[in-house]
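# Fold and geometry: a report
As a plain string of letters, each chain reads:
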Amino acid sequence: MTLTIALSKGRIFEETLPLLAAAGITPAENPESSRKLIIDTNLPDVRLVIVRASDVPTYVQYGAADLGIAGRDVLIEHGGAGLYQPLDLNIAKCRMMVAVENGFDYEAAVKQGARLKVATKYPRIAREHFAAKGVHVDIIKLYGSMELAPLVGLADAIVDLVSTGGTLRANNLVAVEHILDISSRLVVNQAALKLKYATIQPVLEAFASAVPA
Amino acid sequence: MMRNWLLPEHIADILPATARQVESAKAAMLERFRTAGYELVLPPLIEYADSLVSEGDSALDLKTFKLDDPFSGRQLGLRADITPQVARIDAHLLAHRTGVTRLCYAGSVVHARPAGLLSSREPLQVGAELYGYAGIEADLEIIGLMLSTLRLVGVNALRLDVGHIAIFRGLAAAAGLGSAQTAELFAILQAKDVGSLRLLVADVAEPYRSAFLALPELYGPASVLERARTRLPSLPEVELGLMQLAAIARHLEGQVELSFDLAELRGDYYHTGLMFAAYAPGWSEALARGGRYDNVGRRFGRARPATGFSLDLRDLVRILPERDPARGIRVAARHLPGAAAEVQRLREAGEIVVIDYLAESAGALNCDRELVPAGEGWQVIPFN
């Protein structure tokens, strides 16, 4: 039975290679250098499809891919409908943080009770976080360069992924609140797990045994 | 530009080719139900909202369109699920029947929110329900009917996935979980979201913590039931659930590809016991689902054992083989009214007879024969 695995380029792909190796799967090409979107592997029945990180849950939900690897951030934004998330792979780790311009009094702004302007690529996570804190916010959805928003007065704060903090420092921003720890999860199409149990289960077990501590 | 042809999101017309498939599949299914002793009922599309949705069933509540009734001043709902309506009929209108009642139905339901990305908001729900017998034979009867109904319309490579919601409920009750935590756990287990599960059950007492952590791994072939016995505490609900699942395995082994999933709880709020779903290759969703929902009729005045299944025929029809329409007989308009009696005779014999006003082609009329004068009478000759 054929198996299609959805992956995104970059860090997730690099850190997934050892897991694939544990399952005996070696990609025939490197997606960073190839322009192909469907990549064959050493196993005739296993192929990889290369999609945008935020599209991975959609491909798996529709059954266009049986398995996928997606960050917890992406899964929360997607909602997770139609997916199993049986394995935290402990890769591509980072943190979802609130950051503001250096010198901005975040605590005072929150206490004051007025609406806070928050720029983010992750509206669902941001809305949940501030709702749990009891703060009214106006969410400004952006697609990139979040760090710019507070500097040009578009927003009071941003909600974004932070791994080393280098980009924040370079733009004179500081992280003021930790929202979630993020790592990548293995996601499985619900019908595929039932229909292709014999094919998927060994891959799942191999991944589980190779998850970094 | 005119835009009034546009339909709302997740609402679609069924055009002739598909309508033929839907109607013939529906007729075949209802005939199968009829010969198995299931009586057809036609509940209303619209009724009081609080009859349609039981208290606490927030999933069905969100799915149900509601409107104010100018006639009674009460709130009405468009049915989002026919099963509770049929349970109402069994509990109240047919309350004089004390034995087993078998009912079936086929009708449109309306969903305020689509069930999935590609789902219609107006599914065509076809199903069968059995009331008044708590034994596992009733569940087997319903499973058998579900599988034979799917095979009847040409879905053959089936996999039956079976779960049991009472096992989860029993564990949650024994662990003393509150309703909010139970609901959260329920959602997480359905996603087999092991990462979130670990956090959520961190404070739950043993042996229940380990049991909840085991549930997402307890899926696969029948051997999973043996593993479940060693990994779940021996509560009465767990014992009974596993016993019933083992009975299902014994009865259905060899008849259908069978798998079990103790974390598969995706039924409706009202389900109480065995739950089952049929899958087929190439489908990212179950084709048909069902399960036991004992005592749902209590809120209508009579608690009864109940089990049943349903499917969305609109969804299912996408994999059914296309059916070419039957070819008809052309009759030129100028031959009427002379041919009227003969036309009526042919139609009564089941033939399609099409009156041709424009001298159209055989393809346009979908006719392979025509009716022409022959001496005193009429005859049917080939037409192409």
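Residues numbered from 1 in each chain as written. Chains lettered and ligands numbered in written order. Predicted model: local features only at pLDDT ≥ 70, side-chain atom pairs only at ≥ 80, totals over all residues. Heavy atoms only, no water.

We apply this condition: UniProt positions are given in the numbering used here, feature names are shortened, and annotations may be inferred rather than shown by experiment.
Within an unreviewed UniProt entry, the label attached to chain B reads ATP phosphoribosyltransferase regulatory subunit, and the organism entered is Gulbenkiania mobilis. Regarding chain B, the relevant UniProt record gives this comment under Function (unreviewed entry): "Required for the first step of histidine biosynthesis. May allow the feedback regulation of ATP phosphoribosyltransferase activity by histidine."

Naming follows an unreviewed UniProt entry, where chain A appears as ATP phosphoribosyltransferase of Gulbenkiania indica. UniProt, in the comment section headed Sequence similarities (unreviewed entry), describes chain A in these words: "Belongs to the ATP phosphoribosyltransferase family. Short subfamily." Recorded in UniProt under Subcellular location (unreviewed entry), the annotation for chain A is "Cytoplasm".

## What to know about the interface of chain B and chain A
Formally: In this analysis, two residues are considered to be in contact whenever any of their non-hydrogen atoms come within 4.5 Å of each other. Take the accessible area each of two parts loses on contact, using a 1.4 Å probe, and add the two losses: that sum is the buried area. Note on definitions: salt bridges are taken to be side-chain nitrogens of Lys or Arg within 4 Å of carboxyl oxygens of Asp or Glu.
Taken together, the contacts link 23 residues of chain B with 17 residues of chain A. Together chain B and chain A conceal approximately 1800 Å² of surface at their shared face, both sides included; 57% is due to carbon and sulfur atoms. Considering only the side of chain B, the residues that lose the most area to chain A are Leu117(B), Tyr219(B) and Ser284(B), jointly responsible for 30% of the buried surface there. Summed over the shared surface of chain B and chain A, the number is four salt bridges.

## Examining the pairing of strand E10 (residues 274–279) of chain B
Residues and elements named next belong to chain B. Applicable threshold: Per-residue accessibility, obtained with a 1.4 Å probe over protein chains only, is compared with the maximum for each type, and a residue is labelled buried under 20%, exposed over 50%, and partly exposed between these values. A run of DSSP states H or I qualifies as a helix once it reaches four residues; a run of E qualifies as a strand once it reaches two. Both are numbered from the N-terminal end. Paired strands, in this sense, are two strands between which DSSP finds at least two bridges.
Counting buried positions along E10 yields six of six residues, so the element is predominantly enclosed. Residues Leu 274, Phe 276 and Ala 278 line one face of E10 and the alternating positions Met 275, Ala 277 and Tyr 279 line the opposite face, and both faces are buried. Two strands pair when backbone bridges link them, and E10 and strand E11 (residues 288–292) are joined in this way by four bridges, in the antiparallel orientation. Looking at E11, one finds that Ala 277 is bridged to Arg 289.

## Comments concerning the domain arrangement of chain A
All names here are of chain A. Convention followed: Domain start and stop points were drawn from an automatic or database domain assignment. For this analysis, a polar contact is any N or O atom pair within 3.5 Å, provided that within protein one partner can donate a hydrogen and the other can accept it, and provided that sequence-adjacent residues contribute only side-chain to side-chain pairs. Amino acids are sorted into nonpolar (Ala, Val, Leu, Ile, Met, Phe, Trp, Tyr, Cys and Pro), charged (Asp, Glu, Lys and Arg) and polar (every other residue, Gly among them).
For chain A, the assigned domains read domain 1 (3–92 + 183–210) and domain 2 (94–181). Summarising the inter-unit geometry, the C-alpha centres of domain 1 and domain 2 are found 30 Å apart. Contacts between the two partners involve nine residues from domain 1 and, on the opposite side, 10 residues from domain 2. Of the roughly 760 Å² buried where domain 1 meets domain 2, counting both sides, 51% is carbon and sulfur surface. Looking at the side of domain 1 facing domain 2, the largest losses of area belong to Asp 73, Ile 76 and Glu 77, adding up to 60% of the total buried there. Counting the contacts that link domain 1 with domain 2 gives zero salt bridges. On inspection of domain 1 and its partner domain 2, the count reaches four residue pairs in polar contact (both at pLDDT 80 or more). Here the side of domain 1 that touches domain 2 gets five residues from one element, more than from any other, and that element is helix H3 (residues 72–78). Of the residues assigned to the side of domain 1 that touches domain 2, the class counts are two nonpolar, three polar and four charged.

## Side note on the sheet that holds strand E5 (residues 83–88) of chain A
All names here are of chain A. Note the threshold: The convention used is that axes are lines fitted to C-alpha atoms, helices contributing only their stretch in contact, and that angles between N-to-C directions extend from 0 to 180 degrees.
Strand order in the open sheet made by the six strands is E2-E3-E1-E4-E11-E5, with mixed pairing throughout. The sheet is open, and its two edges are formed by strand E2 (38–40) and E5, each paired on a single side. When strand polarity is set aside, the average angle formed by the axes of neighbouring strands in this sheet is 30°. Contacts from helix H9 (residues 197–210) reach strand E1 (3–7), strand E4 (67–71), E5 and strand E11 (184–189), with the element oriented near 30° to E5.

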